[in-house]
Amino acid sequence: MNTETTAPTAPEKKEFWRWQENVWFDETKDWKTAKIVTCGIDVGSVSSQAVLVVDGELYGFNSMRTGNNSPDSATNALAGIMDKCGMKQEDIHFVVGTGYGRVNVPFADKAITEIACHARGANYMGGNGVRTILDMGGQDCKAIHCDEKGKVTNFLMNDKCAAGTGRGMEVISDLMQIPIAELGPRSFDIDSDVEAVSSVCVVFAKSEALGLLKAGYTKNKVIAAYCQAMAERVVSLLERIGVEEGFFITGGIAKNPGVVKRIEKLLGIKAMETKVDSQIAGALGAALFGYTLASKKAAAAAAA
Amino acid sequence: MADGLFDQFQNWYEKRHDYARDWKARTGGQVVATMCTYTAEELLIAAGMLPVRVLGAHEPQNVTEPHIFGMFCPFCRDSLAQGLLERFDYAEGVTLTQSCIQYRQTFSSWRSNVPTVQWDYFVPMPNEVQSPHARKAHYAEIQAFRVFLQALTGKELTDEMLREALAVVDENRRLLRELFEYRKEANPKVTGCEALYASITAQFVDKREHNEMLKKVLAALPTRQLNRPEGVRFMTIGSENDDLAFMAMVESVGSTIVIDDQCSGTRYFWNQSKPEDDVIKAIADRYCDRPACPTKDYPVHTRYDHVLGLAKEFNARAAIFLQQKFCDPHEGDYPDLKKHLEDNGIPTLFLEFDITNPIGPFRIRIEAFLETMSDEELF
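Residues numbered from 1 in each chain as written. Chains lettered and ligands numbered in written order. Predicted model: local features only at pLDDT ≥ 70, side-chain atom pairs only at ≥ 80, totals over all residues.

**Brief notes about the overall build of chain A**
Where we set the bar: Elements are defined by DSSP. Helices are runs of H or I of four residues or more, strands are runs of E of two residues or more, and each kind is numbered from the N terminus. The globule rule used here is 2.2 Å times the number of residues to the 0.38 power, and the radius of gyration it is set against is calculated over C-alpha atoms. Exposure criterion: with C-beta atoms placed from backbone coordinates, a residue whose C-beta has 20 or more other C-beta atoms within 10 Å is buried, one with 12 or fewer is exposed, and one in between is partly exposed. The contact rule is simple: place each C-beta atom from the backbone, and if two of them lie within 7 Å, those residues are in contact.
Helix and strand counts for chain A come out as eight helices and 10 strands. By the compact-globule yardstick of 19 Å for 304 residues, chain A fits well, its C-alpha radius of gyration being 21 Å. In chain A, buried positions account for 51% of the 304 residues. Sequence-distant contacts, at least 24 apart, represent 72% of the contacts inside chain A between residues at least 6 apart.

**With respect to the overall build of chain B**
Across its full length, chain B holds 15 helices and eight strands. Computed over its C-alpha atoms, the radius of gyration of chain B comes to 20 Å, within 12% of the 21 Å expected for a compact globule of 379 residues. Viewed in the frame of its principal axes, chain B has a C-alpha envelope of about 70 × 50 × 40 Å. Of all 379 residues assigned to chain B, the portion counted as buried reaches 49%. Taking contacts inside chain B between residues at least 6 apart in sequence as the whole, the part at least 24 apart equals 74%.

**Section: the interface of chain B and chain A**
Quick reminder of the rule: Ten residues, namely Ala, Val, Leu, Ile, Met, Phe, Trp, Tyr, Cys and Pro, are considered nonpolar, four, namely Asp, Glu, Lys and Arg, are considered charged, and the remaining ones, Gly among them, are considered polar.
Contacts between the two partners involve 11 residues from chain B, matched on the other side by 14 residues from chain A. Taken together, the residues of the side of chain B that touches chain A sort by class into six nonpolar, one polar and four charged.

**Some thoughts on the domain arrangement of chain A**
How big an interface is tends to be expressed through the accessible area that disappears when the partners come together. Residue and element names in this part refer to chain A. Convention followed: In this entry, domain limits derive from an automatic or database-based domain assignment.
Domain assignment breaks chain A into domain 1 (34-127 + 279-295) and domain 2 (134-271). Centre-to-centre, using C-alpha coordinates, domain 1 lies 26 Å away from domain 2. The interface of domain 1 with domain 2 comprises 15 residues on the first partner and 18 residues on the second. The element that contributes the greatest number of residues to the side of domain 1 that touches domain 2 is helix H2 (residues 114-126), accounting for nine residues. Its residues placed into classes, the side of domain 1 that touches domain 2 shows six nonpolar, eight polar and one charged.

**Here's the deal with the sheet that holds strand S2 (residues 50-53) of chain B**
Residue and element names in this part refer to chain B. Selection criterion: What makes two strands pair is DSSP finding at least two bridges between them. A fitted line through C-alpha atoms serves as each axis, taken over the contacting stretch for helices, and the angle formed by two N-to-C directions is quoted from 0 to 180°.
An order of S2-S1-S3-S4 is seen for the four strands of this open sheet, with the pairing classed as parallel. The sheet is open, and its two borders are formed by S2 and strand S4 (119-123), each paired with just one other strand. Mean inter-strand twist for the sheet, computed between neighbouring axes without regard to direction, equals 25 degrees. Pairing of strand S1 (residues 31-35) with strand S3 (residues 93-97) involves four bridges; the strand directions are parallel. What sits directly across from Met35, in S3, is Leu96. Along the sheet, helix H5 (residues 101-113) contacts S1, S3 and S4; its crossing angle with S3, the most-contacted strand, is approximately 160 degrees.

**Brief notes about the sheet that holds strand S2 (residues 37-43) of chain A**
Residue and element names in this part refer to chain A. An order of S1-S4-S3-S2-S5-S6 is seen for the six strands of this open sheet, with the pairing classed as mixed. Lying at the two open borders of the sheet, with one neighbouring strand each, are strand S1 (22-25) and strand S6 (110-111). Pairing analysis gives seven bridges linking S2 to strand S3 (residues 47-54), with the strands arranged antiparallel. Bridge pairing in S3 places Thr38 opposite Val53. Seen against the sheet, helix H8 (residues 281-303) touches S2, S3, strand S4 (57-65), strand S5 (94-98) and S6 and runs at an angle of roughly 145 degrees to S2.

**Topic: the pairing of S1 of chain B**
Residue and element names in this part refer to chain B. Definition in use: Clockwise travel from the first strand over the helix to the second, with the strands pointing away from the viewer, marks a crossover as right-handed.
Counting buried positions over the five residues of S1 gives five, a clear majority of the element. By the bridge criterion, four bridges tie S1 to S2 in an arrangement that is parallel. When the sheet's bridge partners are listed, Val32 is paired in S2 with Pro51. Between S1 and its parallel partner S2, the chain crosses via helix H3 (residues 41-46), and the hand of that crossover is right-handed.

**Observations concerning H2 of chain A**
The following threshold applies: For a helix, the expected span equals 1.5 Å multiplied by the residue count minus one.
The end-to-end C-alpha distance of H2 of chain A is 17 Å, a good match for the 18 Å that 13 residues give at a rise of 1.5 Å each. Judged by how many residues are buried, H2 of chain A sits mostly within the fold: 13 of 13 residues are covered.

**What to know about unusual backbone geometry**
Glycine aside, the phi torsion of most residues is negative, and most peptide linkages are trans. Here the amide bond leading from Tyr298 of chain B into Pro299 of chain B is cis, since omega sits at 0 degrees, within 30 degrees of zero. Looking at the secondary structure, you find Pro299 of chain B in the loop between helix H12 (279-289) and helix H13 (302-313). In this structure, Asp55 of chain A takes a positive phi of about 50 degrees despite not being glycine. On the secondary structure map, Asp55 of chain A appears in the loop between S3 and S4. Non-glycine residue Asn315 of chain B carries a positive phi angle of around 55 degrees. Note that Asn315 of chain B resides in the loop between H13 and strand S7 (318-324). For Asn315 of chain B, a count of 15 C-beta atoms within 10 Å translates into the label partly exposed.

**Comments concerning helix H6 (residues 219-241) of chain A**
One turn of the α-helix equals 3.6 residues, which is why residues spaced by three or four share an orientation. For H6 of chain A, which comprises 23 residues, the first-to-last C-alpha distance of 34 Å matches the rise-based estimate of 33 Å (1.5 Å per residue) to within 8%. Following H6 of chain A by one or two positions, Gly242 of chain A has its phi on the positive side, about 95 degrees.

**Re the nonpolar core**
All names here are of chain A. Stated precisely, the cut-off is as follows: Take the buried Ala, Val, Leu, Ile, Met, Phe, Trp, Tyr and Cys residues, join any whose C-beta atoms are within 7 Å, and the set you get is a nonpolar core.
Among the nonpolar cores identified, the biggest contains 201 residues, and Ile41, Val51, Tyr226 and Ala287 are the most heavily contacted of them. The element contributing the most residues to this core is H6, with 12 residues. Summarising the domain contributions, this core has at least three residues from each of domain 1 (34-127 + 279-295) and domain 2 (134-271). Once residues lying within four places of it in the same chain are set aside, the contact partners of Ile41 are Ala50, Ala74, Ala77, Leu78, Val95, Gly97, Val105, Ala108, Ala283 and Ala286.

**Structural notes on the pairing of strand S5 (residues 232-238) of chain B**
Side chains on a regular strand alternate between the two faces of the sheet. All names here are of chain B. Within S5, seven of the seven residues are buried, which leaves it mostly tucked inside the rest of the structure. Residues Val232, Phe234, Thr236 and Gly238 point to one face of S5 and Arg233, Met235 and Ile237 to the other, with burial holding for every one of them. The pairing of S5 with strand S6 (residues 255-261) spans six bridges and is parallel. Each residue of the ladder has a partner; that of Val232, found in S6, is Ser255. In this fold, the crossover linking S5 to S6 by way of helix H10 (residues 244-252) has right-handed handedness. Pairing of S5 with S7 involves five bridges; the strand directions are parallel. Bridging from a neighbouring strand, Phe234 pairs with Ala318 of S7.

Here it is, written out as structure tokens:
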């Protein structure tokens, strides 16, 4: 018998962890009339951002997932926003690289750590009253103190694992099969408060979450338990450095109200609000540093 | 550096087990694994032995768990691993002079479970060296160690032999200090990595050979030009540190390590013995007088002013605490020592060390710390 067979098709794998990539630029402004255009590139472990600053003001950004190599991630992030607003690389006067891949941004004029850049970015986004910054990044977490200019005065980073970070939240999202943007709101859709999972280690929390599901927890309760654990972990980091008024959260997790509101409750302080995407703080700070450096360079050239 | 001035020290460090085996083959002497820099090496040297300090290998290991708690410090665990993995199979003896209780467990497990150990000796040095009874007690313990070694070797350790050994060790201390003096200068002629290679190798190379090498280096230093930017001048503080990859990273991002308070560095050699008619007293007192490890620094905390003094003397702009995870004595000192330094204008950074260290994340911390001190006008 001559029958035609078709290979079984694998079920479509849905990527629940995949967060929204964003491109935006300010259509009310014309970068072509600007004196100085600078760019900050933040190549993080999970996401990469390119931010354009025009005469010291935020003009546009592109936020996307980091690829498998830093130079390509930096190039792609910048290309994404330049294509949108019709800019070419030679139109940019100064580029600052930051994040884990900062030394691998091939077209950067300078590399500055993400700690300094997040503080500077938060200062722009939240104003000069920002004093304590919590950067909840893809694979680490930083508590930063800064002065009224956004200069770092002290900082602490988490330990050597991805516990309590964006990557951990991505894992839970996939495990629960719930889109990552829904985790925060759903963590409040529960009958009563739940205890934190005892571990925020990505691996152990996954096992514990499965155990809770088997024990009859709803998905929302499991998510709430994980958000609570994450909040408790970062609060312990913040308390080691001390929290001052003017509290600001940057990084992808700042978009998750399930974690943010729990942090605020534990600290008894409300985080400052911003209309700017919290995930671009590092690249924004880098672009602003670029603006200062380019301005000084131009002033020195004019004086010579 | 390109001039290769410190290559011999680096080579000794990287091939330290080969060195010890070779020393044994050419001298016929015994090698003794020593634990803790409070060990009176003078007695071992006088007995014709080579003291070789046990260091870790900074590699993941899975052999210590049955013998020592996981919450004992990485140096304890790594040191024990080296014994259990028979990396010191050339050492007949092992000796510990009392310092911390965690390292005591390393010693106990080592002497019970490392099959190549033929003899062991524990010197119960007083921890409260400030007590009026400490010197007398330590004198007696050093004398007992001498008696033990005489019985072991079947040979008398005469005062003359001890004086000769003490002179060699004191010369090594003097030469190392002379080398470290060059680090006081602006744009030092010696990097932190090079200084560490020199001081750590003194802990396992024959002192006579080490002294000759130090003399050669010291003769060449006056005309040496490193042609590297000095950057921020750092001090390092902690227990043992021979993580050269970490040191090299720190010095590659805009800084120079100009001084330390660590037992792999200054605490090992900073003071010489004082002249005494009684050589045992000269040896014993020297260890009571040396810059204190936190285990031996009470009730008065002499370390705080000593560390601050070093920072000022060597013009360190800032200090990095290299805290071995779970090292209780150093962690206990940390809050007050940090405050003491910061109150006196020396900012600090805390890094927690493990058997292996994450160089990438540490680099971010070091660079961010440097940025907080940068004069560059980013604002």
